[in-house]
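Given next are the chains, with one letter for each unit.
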Amino acid sequence: MNNWDELITIEQMEEATRTLLENGEKVGADSWQQRAKNQTPHCGFGESGTCCRICTMGPCRITPKAPRGICGCDVHGIVARNYLRFTAGGSATHSDHGREICHTLHETREGGNYQVKDPEKLKRIAKEWGVETEGKDIYDLAHEMAELALLEYGKPFGTQKFIKRAPEHTQELWAKADIEPRAIDREVSQSLHMTHMGCSSLPEALIRHSLRSGLSDGWGGSMMGTEFSDVMFGTPKPMDTEANIGVMDKDMVNIIVHGHDPSLSEMIVFYANDPEMIALAKEQGAKGINIAGVCCTANEVTMRHGIPMAGNFLSQENVVLTGACEAIVVDVQCIFPALGPLSKCFHTKFITTSPIAQIPEAEFIRFNAETAGENAKAIVKMAIMNFKNRKPELVNIPQLKTKARVGYSVEAIKKELDGVCNSHVDEFGSLKPLVDVVKSGVLRGAVAMVGCNNPKVRPDTAHIELMKKLLANDIIVVVTGCSAQAAAKAGLMDPDAAKYCGEGLKRVCKLVGIPPVLHMGSCVDISRMMILASDVAKDWGINISQIPLCGCAPEWMSEKAVSIGNYVVATGIDTYLGVDPYTKGSSEVTELLQGENGLCQQLVEAHFIVDTDLESLGDKMIAGIEAKRAALGI
Ligand code: MSK
């Protein structure tokens, strides 16, 4: 039996949260725990997807007595329309993040706020897109590529450029199913058009477009977000950091960065290291400046700078409840409006920076690429000057902290493997050693674990318990988003955690010098996982759907996660969900998405599996991986 006891347990984390909530009670703070109770039980129509409020004849709610809406739409059409709208919300959000990154790339200048840190990667993508690089100034090339990238959002003809990265078989499936993603904005707009009153109510058509809209995110907007972030901020490489709430430091000015877009956090990190700012912090009585992250902004800065991760989605209030947070600086997505009133209970400055995420009771400092340096400096200064306003009697930083090794971009994974096996396929190495250990059975397969926390699931339990189960069964886990932080908080990203794994995985980790859970980045970086799966399929000579691999989002909550689910399934990877996507009200839609011979399976050779029972979800994933192995005869 593996002894996981040396890891930080859920109970320890819950005890830390309990003491933080006590801190909050002293100052009359609200909490998500209380609000979740207030909101329970949830509306059954909403949960099953059977409420339609697309026009004002309703809202129409489907019951046995009222089986159709006023327009005559049946429950299957209503559930499928809601599902497509859910997907479109996620696709738009991820892709708009990608668009902001493309605009930032357009602002890069020699010696400017934003620069090209990985020119080789830029040139590689340029070649892939058929752009001449020879003799071109790197910034001219960056601007040309930024313009081309921005056209991917609205070009009138053609499909997303990056889909050519997928194996030929996958591209053929997409073409045959007529789901090749065209311009990103077109797929999102068409989703809204199809679901408008009086348009599509045929579930098959709506689910098919969900796959297409998801693909425009995963192989379009998100992939551009990841790739051009790497170009500007550097392609991640393995580095050591720390995680959990104990990364906050009572003697330092603590600045928490939260959200998704690295354009802001990169600048905050830069100015927090400015000697002038550090001197100012010391003048104010602090020992220095400590930056820590929450949610995907944390993932972005930890992957490139080793900035510690204070927590994930449902820990965002905890950082303020420590009473030691001088500023929580946010950009876009996954930010609780609760941070406004909560920060007022303490001395914390809650600073919003994007016109896209404007929140009551925050201080708004509009951040943009041209003034990024001044904006970031002003924010860091504001946090420093707030240090003296701390109330020492309210400072409570639970001493929970783990070691974590992060920074596993696809390039880094190939290099690490190459360091042991020296089997070059491209300039970084190859995935062949990985394929070989899976073929031989030393590793049984891999799971891409992603997604959020959700109060419907005991926070982090599903992520951590499922990971432990998979690791014990010699299944390697790659992670992004809040799943990554759950793993890091528990200690599963410490290379020493290999000792808890099954014998095969333990050997691989020791040999390659990696932790058993590999941090691949933020939510948009699930695109890295798509590239990894594609490259494994190519190096192995099989289809993606044949690889002993699956996706899993056990605690997901956001529209973005639905979009992700659609593109992961559409890429040929079975995806296991621990929270129902509001589709259980329609047997037809459930079959289209989840059927072993349903629409998704027929079109893209993969489907969803939804199970809210943790044990059974884990068992099904392992059985799924073993079934893929058996089908390959390995
Ligand atoms: S931050 S989308 S709570 S993973 Fe990307 Fe976490 Fe989910 Fe937001």
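All values derive from a computational prediction rather than experimental measurement.

K.L.:
What am I meant to see in the overall build of the protein here?
P.N.:
Counting its regular elements, the protein contains 25 helices and 16 strands. Relative to a compact globule of 634 residues, whose C-alpha radius of gyration would be 26 Å, the protein shows 24 Å and is just as compact. Dimensions of the protein along its principal axes, counting C-alpha atoms only, are 65 × 65 × 55 Å. Within the protein, the fraction of its 634 residues that count as buried is 62%. Within the protein, contacts between residues separated by at least 24 positions form 76% of all contacts whose residues are at least 6 apart in sequence. Summed over its atoms, the accessible surface of the protein is roughly 23,500 Å², and 52% of this surface lies on carbon and sulfur atoms.

K.L.:
Hey, could you run me through the site of the ligand in this one?
P.N.:
Around the ligand, the neighbouring residues are His260, Cys295, Cys296, Phe313, Cys334, Gly451, Cys452, Cys482, Cys523, Met557, Ser558 and Lys560. Residue composition of the shell around the ligand, grouped by class: eight nonpolar, three polar and one charged.

K.L.:
Teacher, can you tell me more about the layout of surface pockets here?
P.N.:
Empty pockets left among the atoms are what a rolling probe the size of a water molecule brings to light. One number sums up the size of the largest pocket: a volume of about 680 Å³. Lining of the largest pocket is provided by 23 residues; of these, His42, Asn454, Pro455, Lys456 and Tyr582 occupy positions nearest its centre. Counting only elements with at least two residues in the lining of the largest pocket, the list comes to helix 2 (32-38) and helix 3 (44-48).

K.L.:
Please clarify how the pairing of strand 5 (residues 289-294) should be interpreted in this entry.
P.N.:
The two faces of a sheet get side chains in turn, since along a regular strand they alternate between them. For strand 5, a buried count of six out of six residues is recorded, marking the element as mostly surrounded by other parts of the structure. With burial as the criterion, each face of strand 5 is covered, one bearing Ile289, Ile291 and Gly293 and the other bearing Asn290, Ala292 and Val294. By the bridge criterion, six bridges tie strand 4 (residues 253-258) to strand 5 in an arrangement that is parallel. Pairing of isoleucine 255 across the sheet is with isoleucine 291, part of strand 5. Here two bridges tie strand 5 to strand 6 (residues 309-311), and the two strands are oriented parallel to one another. Paired with valine 294 across the two strands is glycine 311, which belongs to strand 6.

K.L.:
How should helix 20 (residues 503-512) be read in this particular structure?
P.N.:
Owing to its 3.6 residues per turn, the α-helix aligns residues three or four sequence positions apart on the same side. For helix 20, every residue scored as buried is listed here: Gly504, Leu505, Val508, Cys509 and Val512. The buried residues of helix 20 occupy one face: seen down the axis, they fall within an arc of 130°. Those residues of helix 20 that are exposed and aimed more than 90 degrees away from the buried face are Glu503, Arg507, Lys510 and Leu511. Of the residues flanking the end of helix 20, it is glycine 513, one or two places downstream, whose phi is positive at about 75°.

K.L.:
What is the right way to read the packing of aromatic side chains from this model?
P.N.:
Describing an aromatic ring pair means giving the distance of the ring centres and the angle of the ring planes. Inspection of every chain in the model, using the stated rule, returns eight aromatic pairs. Among the aromatic side chains, those forming a connected cluster through ring pairs are Phe86, Trp556 and Tyr582. When the ring centre of phenylalanine 336 is taken as origin, the NZ or CZ atom of arginine 35, which lies over that ring, is 5.8 Å away. Across the ring face of tryptophan 129, the terminal group of lysine 161 is positioned such that the distance to the ring centre comes to 5.5 Å.

K.L.:
Help me understand the nonpolar core in this model?
P.N.:
Soluble globular proteins: nonpolar side chains tend toward being buried together. Ranked by size, the top nonpolar core spans 213 residues in total, and within it Phe228, Ile268 and Leu492 carry the most contacts. Among the elements that make up this core, the one with the highest residue count is helix 9 (residues 203-233) (11 residues). For leucine 492, the residues in contact, after removing those within four places along its chain, are Trp4, Leu7, Ile464, Met467, Lys468, Leu471, Ala487, Ala497, Pro515, Pro516 and Val517.

K.L.:
For this particular structure, what's the right way to read the side chain of aspartate 525?
P.N.:
Structurally, aspartate 525 can be placed in the loop between strand 13 (517-519) and helix 21 (526-540). Given a relative accessible area of 2%, aspartate 525 falls into the buried group. Engagement of the side chain of aspartate 525 in a polar contact is seen with the backbone nitrogen of serine 522, the distance being 2.9 Å. For aspartate 525, the residues in contact, after removing those within four places along its chain, are Thr226, Glu300, Thr480 and Met520.

K.L.:
Got a minute to help me understand the environment of phenylalanine 608 in this structure?
P.N.:
Assignment of secondary structure puts phenylalanine 608 in strand 16 (residues 608-610). Given the relative accessible area of 4%, phenylalanine 608 is considered buried. Those residues in contact with phenylalanine 608 that sit more than four places away from it in its chain are Tyr83, Gly565, Asn566, Val569, Thr575, Leu577, Leu593 and Gln594.

K.L.:
Hey, could you run me through helix 17 (residues 432-440) in this one?
P.N.:
Burial in helix 17 covers these residues: Pro433, Leu434, Val435 and Val438. At the C-terminal side of helix 17, glycine 441 shows a positive phi close to 90°.

K.L.:
Looking at this model, I keep getting lost on the sheet that holds strand 15 (residues 575-577). Mind explaining?
P.N.:
Strand-to-strand pairing in sheets goes through backbone hydrogen bonds, with the strands running parallel or antiparallel. The strand order across the open sheet formed by six strands is 13-12-11-14-15-16, and the pairing between neighbours is parallel. Each edge of the open sheet is held by one strand with a lone partner, namely strand 13 and strand 16. Going across the sheet, the axis of each strand differs from the next one's by a mean of 25°, ignoring polarity.

Cut-offs applied
- Residues numbered from 1 in each chain as written.
- Predicted model: local features only at pLDDT ≥ 70, side-chain atom pairs only at ≥ 80, totals over all residues.
- Heavy atoms only, no water.
- Helix = DSSP H or I, 4+ residues; strand = E, 2+ residues; numbered from the N terminus.
- Rg over C-alpha atoms; globule rule 2.2 N^0.38 Å.
- Buried < 20%, exposed > 50% of the residue type's maximum accessible area, 1.4 Å probe, protein only.
- Contact = heavy atoms within 4.5 Å.
- Areas by Shrake-Rupley, 256 points an atom, 1.4 Å probe, with all protein chains shown as cover.
- Near = heavy atom within 4 Å.
- Nonpolar A, V, L, I, M, F, W, Y, C, P; charged D, E, K, R; others polar.
- 1 Å grid on protein atoms, 1.4 Å probe; cavity = no way out; pocket = protein on both sides within 12 Å on 5 of 7 lines; lining within 4 Å.
- Points joined across faces, edges and corners; volume = space filled by probe spheres on them.
- Pairing = 2+ DSSP bridges.
- Arc of directions from axis to C-beta.
- Phe/Tyr/Trp six-rings, centres within 6.5 Å; stacked < 30°, edge-to-face > 60°.
- Lys NZ or Arg CZ within 6 Å of the ring centre and 35° of its normal.
- Core = buried A, V, L, I, M, F, W, Y, C linked by side-chain atoms within 4.5 Å.
- Polar contact = N/O pair within 3.5 Å; in protein donor to acceptor, adjacent residues only side chain to side chain.
- Axes fitted to C-alpha atoms, helices over the stretch in contact; angles between N-to-C directions.

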